[in-house]
Amino acid sequence: NNYQCRKLSTMFFPCQTFAMMLLPTTPQKQQESYPAFGLHSPPRRMKALHLAHENQKMPLTKVFAGIQEEGERSNRKAFMNELIQWVQENEESHETNKDSPQQSLERGAAVPPQPGFVGPLSIDTSSHGQGDGLFVTQDVSQNDYLMVIPETKCMSLEYAWEDDELGDVFCFLTDEGGPGARTAALAGFMAKEWLQIQYYGSSTGGSSTPKWDPYLRVLPWKESDRGQEHMLWWTHEKVEELLGDSFAYDEVLNTLNEVDVAVENLQTILLHDPDLHKAWDPDNLITNETEMDHTIRSAFVSILSRAFEDVSVDCSKLVPLLDMVQHDGSVGGANVHHETIPSSGNVIVKAMRDMEAGEELLINYSSKLKPHQFFTVFGFIPGETS
């Protein structure tokens, strides 16, 4: 409406700023290790660690680090289990998918399980990258279904457009800009939902938008979180220092500059949009610009490094669980295949070959990018490096 257009015209730089932002949409999955949750430990465990310190003269900092690491693993496992349960929920009936892994395999490869199916899989420390990965817990055959991720659990641009508070803003942004503006709108939606969780306890939900808490809680929201490194968290000075003479320098700098502009515009929306502030607590509004800047930047990191192509809206989408699968670009290295069903938007994941119990799921993030481009997008260089 006219009011919305006038409001936006005072907020934004020209949306064409985003038009040349070329953000590849292949996924990267090397980031699970939940941040610190404090030094909480049962008294018996604390006493045992204290005795270990006394007997072995272990530095006290290492004792506390051990407690902290144990707490991180415990909380990470709990959040991952919640994520799996959330994916399995049936949005229409509010029930959990009843298919067991064995039932799905017995049905035969030609019959897809119901949306929300998660097969014989477990989450454990990856042997192919930093953080966690997905592993099969029993032997599977070629073409067996391993996951069916419902469309309602995939964070896509359509949910940004339908957002109760900022949907009109995101629609205006994507209408006026190019592909980069679409990515910016998705990043803004992700950041808004995460800030709402952090400050007010839960994402908005609403009539058309699922609550994203279980998924957003396992994403990296700071540098090195879940093993995730990315140049979007770097300062321009750090880029100059580390990449000044490298092949990646120009591409990194261009991408960083584009994201800087997007972050500034999205921050303005989140700080000043009246409709959003009506939904939030007017007496407890988020005013920390540094935190908001970092949150938006972290949303871009997840989109750039984890997202998959969503051809229906010419943008990217985030697919829970599938985005944990690690990269292997060697010939025959990838062992699972994924595709989106056009009629439903559900994402199916199938075995490309027979797999033994304990084998890690692997996909090829990209076979077209050069190593320095791979680094710019995914935050690491593929292959054997020293």
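Quick caveat, the model's predicted, so the values are computed rather than measured.

**With respect to the overall build of the protein chain**
No. 1: Helix and strand counts for the protein chain stand at 13 helices and nine strands.
No. 2: When burial is assessed residue by residue, the protein chain has 49% of its 386 residues classed as buried.
No. 3: Long-range contacts, defined here as pairs at least 24 residues apart, represent 71% of the contacts in the protein chain between residues at least 6 apart.

**Considerations on the sheet that holds strand β7 (residues 336–340)**
No. 1: Across the sheet, three strands lie side by side as β3-β8-β7; this open sheet has antiparallel pairing. What marks the edges here is a single partner per strand, and that holds for β3 (145–149) and β7. Strand-to-strand twist in this sheet, taken as the mean axis angle between neighbours without regard to direction, amounts to 15°.
No. 2: As paired strands, β7 and strand β8 (residues 347–351) are joined by five bridges and run antiparallel to one another.

**Description of the packing of aromatic side chains**
Note on aromatic pairs: each is described by the distance of the centres and the angle between the planes.
No. 1: Tallying each qualifying case throughout the model produces eleven aromatic pairs.
No. 2: Centroid distance Trp-86 to Trp-212: 6.0 Å. Interplanar angle 65°. Geometry classified as edge-to-face. Here the residue Trp-86 occupies a position in helix α3 (residues 60–88), and Trp-212 occupies one in the loop between α7 (179–200) and α8 (213–216), the gap between them amounting to 126 residues.
No. 3: Each ring, one from Tyr-159 and one from Trp-212, has its centre 5.3 Å from the other, and the planes form 75°; the classification is edge-to-face. Here the residue Tyr-159 occupies a position in helix α5 (residues 157–161), and Trp-212 occupies one in the loop between α7 and α8, the gap between them amounting to 53 residues.
No. 4: For Tyr-159, a relative accessible area of 6% corresponds to the buried category.
No. 5: For Trp-212, a relative accessible area of 0% puts it in the buried group.
No. 6: The rings of Tyr-365, Phe-374, Phe-378 and Phe-380 are connected pair by pair, giving a single aromatic cluster.

**Structural notes on the side chain of Ser-305**
No. 1: With respect to the helices and strands, the residue Ser-305 is situated in helix α12 (residues 289–306).
No. 2: Here Val-301 takes part through its backbone oxygen, which lies 2.6 Å from a polar atom of the side chain of Ser-305.

**Description of the pattern of salt bridges**
No. 1: Per the stated rule, a full pass over the model turns up nine salt bridges.
No. 2: The residue Asp-163 makes a salt bridge to Lys-192 at a minimum N-O spacing of 2.7 Å. Of this pair, Asp-163 sits in the loop between α5 and α6 (167–176) while Lys-192 sits in helix α7; the two residues are 29 residues apart in sequence, bridging distant segments of the chain.
No. 3: Classification of Asp-163 by relative accessible area gives buried; the value is 5%.
No. 4: Beyond isolated ion pairs, a larger network of salt bridges with shared partners links Asp-163, Glu-165, Lys-192 and Glu-193.

Conventions used here
- Residues numbered from 1 in each chain as written.
- Predicted model: local features only at pLDDT ≥ 70, side-chain atom pairs only at ≥ 80, totals over all residues.
- Heavy atoms only, no water.
- Helix = DSSP H or I, 4+ residues; strand = E, 2+ residues; numbered from the N terminus.
- Buried < 20%, exposed > 50% of the residue type's maximum accessible area, 1.4 Å probe, protein only.
- Contact = heavy atoms within 4.5 Å.
- Pairing = 2+ DSSP bridges.
- Axes fitted to C-alpha atoms, helices over the stretch in contact; angles between N-to-C directions.
- Phe/Tyr/Trp six-rings, centres within 6.5 Å; stacked < 30°, edge-to-face > 60°.
- Polar contact = N/O pair within 3.5 Å; in protein donor to acceptor, adjacent residues only side chain to side chain.
- Salt bridge = Lys/Arg side-chain N within 4 Å of Asp/Glu carboxyl O.

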